[in-house]
Amino acid sequence: MLNKQRIQLDTRGAAMTRARMKEGLSQLELAQLAGVSLTSLARWERDETNASISSLELVADVLGISIDEYVGHKVRGPRK
C-alpha cells in the first residue's frame, strides 16, 4: 500500500499576500504598480474572488515571480 502524504498548501490569497509582503509593498502600492484596482487586489487576497490570468501576470511581473509561485502552486515530484 502506498503511503500518501497530504501536502497542505496556502490558499491563493495567502500566497498572494505573502509574496506582496515579502517585497515590502502595501496593497495600494502593488495595485498601482500592476495597474489593477485596489478593490480587486484586496478581494483576491481575501479569497473572495479569483484573479484572471492576465491580472495575475501583471501582479507577478511587479513582484518578479512566476504565476505558480504567486498563487502558491507547488510542483510535486513524478508519480511512482
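Above this text you will find the structure in question.
> Can you break down the side chain of Arg20 residue by residue, with the values?
When you line up the elements, Arg20 lands in helix H1 (residues 12-22). Assessed through its relative accessible area of 9%, Arg20 is described here as buried. Residue contacts for Arg20: discarding those within four places in its chain leaves Leu25, Ser26, Gln27, Leu30, Glu45 and Leu63.

> Got a sec to walk through the nonpolar core? Specific residues and values, please.
A general trend in soluble globular proteins is that nonpolar side chains are found buried together. By size, the foremost hydrophobic cluster in this structure holds 13 residues, and its most contacted members are Leu30, Val36, Leu41, Trp44, Val59 and Leu63. Elements supplying a minimum of two residues to this core: H1, helix H2 (27-34), helix H3 (38-45) and helix H4 (53-63).

> Can you explain the environment of Gly64? Please cite residues and give values.
Following the sequence through the fold, Gly64 ends up in the loop between H4 and helix H5 (67-70). Note: C-alpha distance between Gly64 and Ala19 (45 residues apart in sequence) is 9.8 Å.

> Give a description of H4 that names residues and reports values.
Three or more residues of H4 are buried, namely Ser55, Leu56, Val59, Ala60 and Leu63. Down the axis of H4, the sector holding all buried residues measures 125°, keeping them to one side. Where H4 terminates, the next one or two residues include Gly64, which has phi positive at roughly 70°.

> Can you explain the pattern of salt bridges? Please cite residues and give values.
Going through the model one piece at a time under the given rule, you end up with 3 salt bridges. Across the pair Glu48 and Arg43 runs a salt bridge whose closest N-O atoms are separated by 3.3 Å. On the accessibility criterion, Arg43 (35% relative accessible area) is partly exposed. A single network of salt bridges, built from pairs that share partners, joins Arg43, Arg46 and Glu48.

> Give me the lowdown on the environment of Arg43, citing residues and values where you can.
Note that Arg43 resides in helix H3. Measuring from C-alpha to C-alpha, the distance between Arg43 and Gly13 comes to 8.4 Å, with 30 residues separating the pair along the chain. When neighbours within four sequence positions are excluded, Arg43 is seen to be in contact with Glu48 and Thr49.

Reading guide: rules and limits
- Residues numbered from 1 in each chain as written.
- Predicted model: local features only at pLDDT ≥ 70, side-chain atom pairs only at ≥ 80, totals over all residues.
- Heavy atoms only, no water.
- Helix = DSSP H or I, 4+ residues; strand = E, 2+ residues; numbered from the N terminus.
- Buried < 20%, exposed > 50% of the residue type's maximum accessible area, 1.4 Å probe, protein only.
- Contact = heavy atoms within 4.5 Å.
- Core = buried A, V, L, I, M, F, W, Y, C linked by side-chain atoms within 4.5 Å.
- Arc of directions from axis to C-beta.
- Salt bridge = Lys/Arg side-chain N within 4 Å of Asp/Glu carboxyl O.

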